[in-house]
Amino acid sequence: VMGKSYFGIFKMEFKGELQYRAKAISGIATQFFWGILQIYLYTAFMQQDAVNGFTISQMISYIWLGQAFFAMRYIVMGKRIGKEITNGNVCYKFIRPIDIYNQWYVEGVGQKLASTLLRFAPIIIIAFLLPANLRMHGPVSFVAFLLFIVSLILGLFISNAISMFAVFLTFKTLSDKGSIGIVSSISNLFAGLIIPLPLFPQGVQNVINYLPFRFISDLPFRIYIGNVGITDGLIYIAIGLAWLVVLMLLGRALINSALRKTVIQGG
């Protein structure tokens, strides 16, 4: 019964997000603009063919993958969560016989997945048809492509688990936009959204590679382009799974703690 309830929540959020077609079209245009801008910027920055074993050709595909799957990896809360916390209506959640953390988590996954499905295909298709200096390339192998899909799905779940920390901060600050801004700034930097992680100094990479953020996007993209091999990719995916468990357990504990205090303040 619980499984059906959560699936129903996911389905509702998924269908709701699919209705925002105009938002998706404007998003696609924005991703193209930023994609081309980043490619020219980092091509000029790299100057030579490779930095830390990261070639310009790989960088171009890395950038386009980042733009195509942007909706999957950005930090967001369910549309109603912020308002429910700030106006106190979150208390009505207590009368429902389902876990609040799970409900909010499923809402976030549904929203991100639907938004991604509306955007990624046009960006990928056109990126393959661009001139050579801007063109995206295919995966290095079929096995790498399969591992890319697995790691991309893992990245979706990790991204959403990190988003739940913005929910916790909203309880503390009563500012959903501020909380999202704090968490997204940290996540975007260390996930490779602002600067591709292979362009960081090697010493910095050695630390970032084991933080949870890089599993959102950097790992799947580098598996796709061949910058991370299959064996290393499998090891990193195992580390990512461990991070997912830790993030969900910690996020649940923090939010449950905040909810308990909310009950005390309300009664």
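You'll find the structure just up there.
A. Here's a closer look at the overall build of the protein chain. Tallying secondary structure elements over the protein chain gives eleven helices and two strands in all. Helices and strands appear in the protein chain in the N-to-C order α-α-β-β-α-α-α-α-α-α-α-α-α. Per-residue burial over the protein chain gives 49% buried out of 267 residues. The contacts in the protein chain between residues at least 6 apart in sequence include a share of 79% that link residues at least 24 apart. Of the roughly 12,600 Å² of accessible surface on the protein chain, 70% is carried by carbon and sulfur atoms.

B. Seen up close, the nonpolar core. Core analysis: the largest hydrophobic core is formed by 69 residues, its most contacted members being W64, V167 and I255. Of all the secondary structure elements, the ones that give two or more residues to this core are α2 (21-46), α3 (56-68), α5 (81-87), α6 (100-129), α7 (142-173), α8 (176-191), α10 (218-225) and α11 (230-266). A per-element tally of this core places α7 first, with 15 residues. When neighbours within four sequence positions are excluded, I255 is seen to be in contact with Y101, W104, M164, V167, F168 and F171.

C. Quick look at a nonpolar patch on the surface. Together, F142, F145, L146, I149, I153 and F157 line one region of the surface with nonpolar side chains, adding up to about 530 Å² of accessible area. Residue position: L146 is located in helix α7. The class for L146 is partly exposed, based on a relative accessible area of 43%.

So, how was this worked out
Residues numbered from 1 in each chain as written. Predicted model: local features only at pLDDT ≥ 70, side-chain atom pairs only at ≥ 80, totals over all residues. Heavy atoms only, no water. Helix = DSSP H or I, 4+ residues; strand = E, 2+ residues; numbered from the N terminus. Buried < 20%, exposed > 50% of the residue type's maximum accessible area, 1.4 Å probe, protein only. Contact = heavy atoms within 4.5 Å. Areas by Shrake-Rupley, 256 points an atom, 1.4 Å probe, with all protein chains shown as cover. Core = buried A, V, L, I, M, F, W, Y, C linked by side-chain atoms within 4.5 Å. Patch = residues over 30% accessible without salt bridge, like charges linked within 9 Å, V, L, I, M, F, W, Y side chains within 5 Å. Salt bridge = Lys/Arg side-chain N within 4 Å of Asp/Glu carboxyl O.

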